[in-house]
Amino acid sequence: MKHSISHLLSPSVCTQIIDGNAKSDLSNRKEPGEFCGESEQPQTFISETSFVRLQFHTDNFTDQTYLSFDSRAEEQYEVFLRYGQHPELYPNRRGLVLPGTYCERVFTDCKLQTCYVQSPAYPGVYPRHLHCRYALNTRLPFIKLYIENEEFNIDGHRCENIMTCPMRPISSGSQNCPYDYIRIYDGKNETAPVIGTFCGMGKFPYSIIGTGEDLFVEFVTSPAGPLLNTGFHFNVGNWPGHVEPAGERSGACNWRLTSRALSESGDSEGIFLSVAHWYPPHTSCTYLIQGEPNQIVRLYFPSFRINRIESPIEPWQGDCGESLTLYDASWPDDSRIIKTFCDTFSRAMEKHDFVSTGNALFVRFESKTGSYSGSSLYYWAHYDFFNNTHFGEPVSGTTCDETFWSWRSRAGTLRSPLNTLIYKQGATTTAPERSSTAAGALVMAARAVAVQQAADASLAAALPPRDVRCTYRFVTDKRLYARVILNIHSINFKTPPYSTATCGDCWSDRVDKLLAWEPQPNATGPLQPPTNSSGGAVCLCKSNSYVVPAGGIGPLRMVSHGEEMALQLLVDGSGATSSYFKHPGPLFEAQYQFIHGPLCGPTLHRASEEGDFLFPHLEALGYAEPPRDIHCIWEVQVHRGRDLWLHFEKVKFPSRNCSDGQIEAFLPGKVTPFLRVCGENETHLRTVPILSAKELTVAADREPSVTIHFRADTTPARTAFKIAWTELHHLPRNSDGTLMTSKLVEQRQQQQQQRDQGASGSGSSGSRGPDDTQ
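First, a word on scope: everything that follows refers to the structure included in this document. (Residues numbered from 1 in each chain as written. Predicted model: local features only at pLDDT ≥ 70, side-chain atom pairs only at ≥ 80, totals over all residues. Heavy atoms only, no water.)

## What to know about the overall build of the protein
Across its full length, the protein carries 7 helices and 48 strands. Sorting the 774 residues of the protein into buried and exposed places 50% on the buried side. Summed over its atoms, the accessible surface of the protein is roughly 37000 Å², and 50% of this surface lies on carbon and sulfur atoms. (Helix = DSSP H or I, 4+ residues; strand = E, 2+ residues; numbered from the N terminus. Buried < 20%, exposed > 50% of the residue type's maximum accessible area, 1.4 Å probe, protein only. Areas by Shrake-Rupley, 256 points an atom, 1.4 Å probe, with all protein chains shown as cover.)

Structure follows, in structure tokens:
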């Protein structure tokens, strides 16, 4: 029932409006309260029942005192502001009234436009002396109480006339609302935390968002007040897009997000959102993102917006009323800040990676103001973990370079980086700007620096992708070993989508490739890869066949001549992300081994007409500790055009078992040895064939040579031998096939003169021995 009331009375005149009677289920007849004072304009009261009684009282009746009103009955659908569209479809849109009460209502499973929380008699003036309770519930968090295009009008302070009842702005806090107010609790009843107390008149500026699925609203009006205030109308829903992180929460918003919890959830990436619910002033929310000891953390923001604080609980005039800080640590260490976002001067960095150097990244959100409806920093954050295990020692200040020292490990395996984040290089990665042994986990090369200095995102996006280069150095110690063996087992490069590049010429084509080479001795500055196959360098890509380098002993196997070898993985930046990011398979796999210890003696014996060397090397016997196993490789060079006769003397093997000691001899470029001898077939050394000059020569740019290996899997005790060689001349012949004796005489005379000169100059007449052949 709708009543229009006009009051032109003295201040001592009051009216009671009793909604309902003894037969009504709803009624405020027990404590109806009073409307007192004057009203210059008609006011509307819309009853909750079909029975209304007006009771008029005045202390001093004059001809200027009167009360006038009219009333009419209306159907629900006619009171659109109260019941909304199609009230027949939503009979409980205004909640279920608790039996025996006038205005206590329960709302369950609220969805969009299905729950209207209203003051009694809305949209008319509300009764006096009320204490109403509303229990609100949604199926999903976070519950949201909001007003759309509706005025908020709750005040109720008693005044004599309209001139002494000015419109007071919307206020919050009990101290500012001594008369009528609503109080909102974050939970099921009055024992829950109080979000806020509100009163005043005007546009309600807040959307109240609770932390769970329930809110509790209390509406209180004073016993007497003006016939002015029309109350409130709230909608109830839930904040969309809620995501529960895979981790442990302590308190309202402190999380511990681990790689183990993420793995158990079955997801490869975790998600957490900015604080969407209310929080009090001086709130601090934290996220500890922690991986296993061998992992690093990546934090990625697909969406990030920075706004001015729209619903502060306490005003803040300075900078950074709210901030988000990322720490490269497991706690808020101010010396390890990666980035701080501030609501007053920061720019959001969307689609940007932030990477830790260790296994933890700490995120802290702080608000000096508090908020009724979530943070002014709105973000959608993804986090994931990457295996940062290294096979060698990471090189500080590089993306993925490693060094393998012989004094740390004599042999081992390696593969392309397990941390596939390095293939996502470019404009989207930021990490602390400092050197670290874990710098291989950081993608902070020139492109990232250039992007940070770029004036706008379009310039950053225009930068070309940067190639991925991982360089591996294998370095011996002269006191321990003199050679490196590198075995490359597999190569698994992909062809990027929409790429037309082919591996026609591995050295010059822009394709993913693997380079292996022996660095030049005494080189200074950064290790630079070769540009061609000179010096035995090798280039491998997806489609080319492996070419055995001159002097090599097998496919995909390289043996250094000196004390260092290098390997470089080069991935074209344009296809690195699409081909290899988050693809766990190795791009290459390899083994390395440091060999040729002091007992082996010199590795290289320069060409001489005759010479020899002993095993074990006599000079090392006094200081070199016998190893558990041994592998020696000697290269004996030969003058071009001469044959070679190898002969073995004083050979002694500890047993007939070949694993206790075995000698192998290889011709240049051959995979299998032409001679393999151990204790069980030692007699084969008596019939070693003479090696021809043609067999000893493999390329014009390499000296003719023969390579000799000795292996023993156990301590080479009681093993000894002497290997000697003699160069043989090819006898010159005439055109008819007869020997050119005159030429032989001339050669013998020249050789004798050379011997005589050598004897007179040095007092020695031979070139035997390892010291003379280097």
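## Description of the environment of Glu148
Mapped onto the elements, Glu148 comes out in the loop between β11 (143–146) and β12 (151–154). A relative accessible area of 41% means that Glu148 is categorised as partly exposed. Separated by 56 residues in sequence, Glu148 and Phe204 have C-alpha atoms that sit 9.1 Å apart. Those residues in contact with Glu148, other than ones at most four positions away along the chain, are Gln113, Lys203 and Asn235. (Contact = heavy atoms within 4.5 Å.)

## With respect to the side chain of Ser274
Take Ser274: it is sitting in the loop between β22 (270–273) and β23 (283–290). With a relative accessible area of 7%, Ser274 lands in the buried category. Apart from the residues within four sequence positions on either side, Ser274 is in contact with Leu377, Tyr378 and Tyr379.

## Here we look at helix α5 (residues 573–580)
Burial in α5 covers these residues: Gly573, Gly575, Ala576, Ser579 and Tyr580. The arc that holds every buried residue of α5, seen down its axis, measures 155°, which confines them to one face. In this structure, the buried residues of α5 make contact with β34 (468–475) and β39 (564–571). A positive backbone phi angle near 65° is found at Lys582, which sits one or two residues after α5. (Arc of directions from axis to C-beta.)

## A few points about the side chain of Asp333
Of note, Asp333 is situated in the loop between β25 (322–327) and β26 (337–342). Put simply, Asp333 is tucked away with no salt bridge, and the nearest opposite charge, on Arg336, sits 4.7 Å away. A distance of 2.7 Å separates a polar atom in the side chain of Asp333 from a polar atom in the side chain of Ser335. (Lys, Arg positive; Asp, Glu negative; His and termini not counted. Salt bridge = Lys/Arg side-chain N within 4 Å of Asp/Glu carboxyl O. Polar contact = N/O pair within 3.5 Å; in protein donor to acceptor, adjacent residues only side chain to side chain.)

## Section: a nonpolar patch on the surface
A cluster of nonpolar residues, Leu614, Leu618 and Leu621, forms a patch on the protein surface that exposes about 270 Å² of accessible area. Looking at where Leu621 falls in the secondary structure, it is placed in the loop between β42 (610–615) and β43 (630–637). The partly exposed category is assigned to Leu621, whose relative accessible area is 47%. (Patch = residues over 30% accessible without salt bridge, like charges linked within 9 Å, V, L, I, M, F, W, Y side chains within 5 Å.)

## Brief notes about unusual backbone geometry
Here the bond from Tyr122 into Pro123 is cis, since omega is 5°, no more than 30 degrees from zero. The residue Pro123 is located in the loop between β9 (116–118) and β10 (131–137) in this model. Put simply, Phe615 and Pro616 share a cis peptide bond, and its omega is -5°. Examined against the element boundaries, Pro616 turns out to sit in the loop between β42 and β43. Look at Lys582: it is not a glycine, yet its phi comes out positive at around 65°. Along the chain, Lys582 turns up in the loop between α5 and β40 (588–595). The exposure class assigned to Lys582 is partly exposed, which follows from its relative accessible area of 31%.

## A few points about the sheet that holds β9
Read across the open sheet, the 4 strands follow the order β9-β19-β11-β16; overall the sheet is antiparallel. With partners counted over all chains shown, the strands left at the sheet margins are β9 and β16 (208–209), one partner each. (Pairing = 2+ DSSP bridges.)

## What about the state of the cysteines?
Linking two cysteines covalently via their sulfur atoms produces the bond known as a disulfide. All told, the structure shown has 11 disulfides when counted by the stated rule. Covalently, Cys320 is tied to Cys342 through a disulfide, its sulfur atoms 2.1 Å apart. Of this pair, Cys320 sits in the loop between β24 (295–306) and β25 while Cys342 sits in strand β26, and the two are 22 residues apart along the sequence. We note that Cys320, like Cys342, is buried. (Disulfide = S-S within 2.5 Å.)

## Observations regarding the packing of aromatic side chains
Inspection of every chain in the model, using the stated rule, returns 41 aromatic pairs. Here the aromatic rings of Phe474 and Tyr592 are separated by 5.5 Å at their centres, their planes lie at 45°, and the arrangement is tilted. Of this pair, Phe474 sits in strand β34 while Tyr592 is found in strand β40, placing the two residues 118 residues apart along the sequence. Under the relative-accessibility criterion, Tyr592 is labelled buried at 6%. Aromatic side chains Phe710 and Phe721 sit 5.2 Å apart centroid to centroid with 65° between the ring planes, which places their arrangement in the edge-to-face category. In this pair, Phe710 is assigned in strand β47 (residues 705–712) and Phe721 in strand β48 (residues 720–728), connecting sequence segments 11 residues apart. Through successive ring pairs, a cluster of aromatic residues spans Tyr126, Tyr134, Phe152, Phe198, Phe204, Tyr206, Phe219, Phe232, Phe234 and Tyr372. The positively charged end of Lys339 is found above the aromatic ring belonging to Phe341, 5.6 Å away from the centroid. (Phe/Tyr/Trp six-rings, centres within 6.5 Å; stacked < 30°, edge-to-face > 60°. Lys NZ or Arg CZ within 6 Å of the ring centre and 35° of its normal.)

## Considerations on the sheet that holds strand β31 (residues 402–405)
With respect to topology, 6 strands assemble into an open sheet ordered β30-β31-β34-β39-β36-β37, the strand pairing being mixed. Each having just a single partner strand, β30 (393–394) and β37 (538–541) make up the two edges of the open sheet. Of the strand pairs in this sheet, β34 and β39 are connected by 8 bridges, and their pairing is antiparallel. In the strand pairing of β39, Thr471 is matched with Gln568.

## Considerations on the pattern of salt bridges
Throughout the structure, instances matching the rule amount to 33 salt bridges. Of the charged contacts, one joins Asp214 and Lys188 as a salt bridge, the two residues approaching to 3.1 Å between their closest N and O atoms. You can see Asp214 sitting in strand β17 (residues 214–220) and its partner Lys188 sitting in the loop between β14 (181–185) and β15 (194–203), a full 26 residues away along the chain. Arg702 is the salt-bridge partner of Glu635, the closest N and O atoms lying 3.9 Å from each other. Of this pair, Glu635 sits in strand β43 while Arg702 is found in the loop between α6 (693–696) and β47, placing the two residues 67 residues apart along the sequence.

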